[in-house]
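Geometric and topological summary
One letter stands for each residue in the lines below.
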Amino acid sequence: MVRVGLSPDNSSLLIRFEYHPRLVELARQLPGRRFYRKLGGWVIPLTREMVEELPARFPGAAVTVMPEVQARLAALKAAEETTLQLKASHGDVILPQEM
């Protein structure tokens, strides 16, 4: 089983599985991946697209996306929508992270 959770700082996906050479080979093909021994898994960028692609990237393996991943994606989407609404209603506003 491949478990998809969040990294400790909630900024990335953390992929864990029991060691199997084929799963390691597939994990090495993930864009932006890094293996962290202390975390016991692979860290990749947190995007909705990647979460949706993971089952296809691990064919034959049961991929389980933990609920906190879906909650984090929903929060990111809400923040993005709020930012777009602010920009639409106030023109080009420079937000702190854009400075």
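In what follows, the structure referred to is the one given above.
Since the structure is predicted, the reported quantities are computational estimates derived from the model, not experimental observations. (Residues numbered from 1 in each chain as written. Predicted model: local features only at pLDDT ≥ 70, side-chain atom pairs only at ≥ 80, totals over all residues. Heavy atoms only, no water.)

1. A closer look at the sheet that holds strand β1 (residues 2–6)
Filter applied, for reference: A pair of strands counts as paired when DSSP detects no fewer than two bridges linking them. Counting from the N terminus, the helices are DSSP H or I runs at least four residues long and the strands are E runs at least two residues long. Think of each axis as a best-fit line through the C-alpha atoms, taken over the contacting stretch in the case of a helix, with angles from 0 to 180 degrees between the N-to-C directions. When checking whether two residues touch, look at their non-hydrogen atoms; a contact exists if any pair is within 4.5 Å.
Pairing within the open sheet is mixed, and its five strands lie in the order β3-β4-β2-β1-β5. Whereas interior strands pair on both sides, the edge strands pair on one side only; in this sheet they are β3 (34–36) and β5 (63–65). When strand polarity is set aside, the average angle formed by the axes of neighbouring strands in this sheet is 30°. Inspection of the sheet shows β1 paired to β5 by three bridges, in the parallel sense. Paired with arginine 3 across the bridge in β5 is threonine 64. Against the sheet, helix α2 (residues 48–57) contacts β1, β2 (12–16), β4 (41–45) and β5, and its axis sits at roughly 20° relative to β2.

2. A closer look at the nonpolar core
Within soluble globular proteins, side chains that are nonpolar generally end up buried alongside one another. Here is the rule we go by: Only buried residues count toward a nonpolar core, which is a set of Ala, Val, Leu, Ile, Met, Phe, Trp, Tyr and Cys residues joined through side-chain atoms within 4.5 Å. Only protein chains enter the accessibility calculation, which uses a 1.4 Å probe; a residue is then buried when its area is under 20% of its type maximum, exposed when over 50%, and partly exposed in between.
Membership of the largest hydrophobic core comes to 20 residues, with the highest contact counts inside it found for Leu13, Ile15, Phe17, Leu30, Leu54 and Phe58. For this core, the elements supplying multiple residues, two or more each, are β1, β2, α1 (21–27), β4, α2 and α3 (67–90). By residue number, the principal contributor to this core is α1, which donates four residues.

3. Description of unusual backbone geometry
For asparagine 10, which is not glycine, the phi torsion reads 65° and is therefore positive. Within the fold, asparagine 10 resides in the loop between β1 and β2.

4. Considering the packing of aromatic side chains
Defined as follows: Any pair of Phe, Tyr and Trp rings, taking the six-membered ring for Trp, is counted once the centres come within 6.5 Å. Such a pair is stacked with planes under 30 degrees apart, edge-to-face with planes over 60 apart, and tilted for the rest.
A complete count under the given rule lists two aromatic pairs for this structure. With 6.2 Å between their ring centres and 55° between their planes, phenylalanine 17 and phenylalanine 58 make a pair best called tilted. Pair noted here: phenylalanine 17 is in the loop between β2 and α1 and phenylalanine 58 is in the loop between α2 and β5, with a separation of 41 residues, a long-range link. Just as phenylalanine 17 is buried, phenylalanine 58 falls in that class too.

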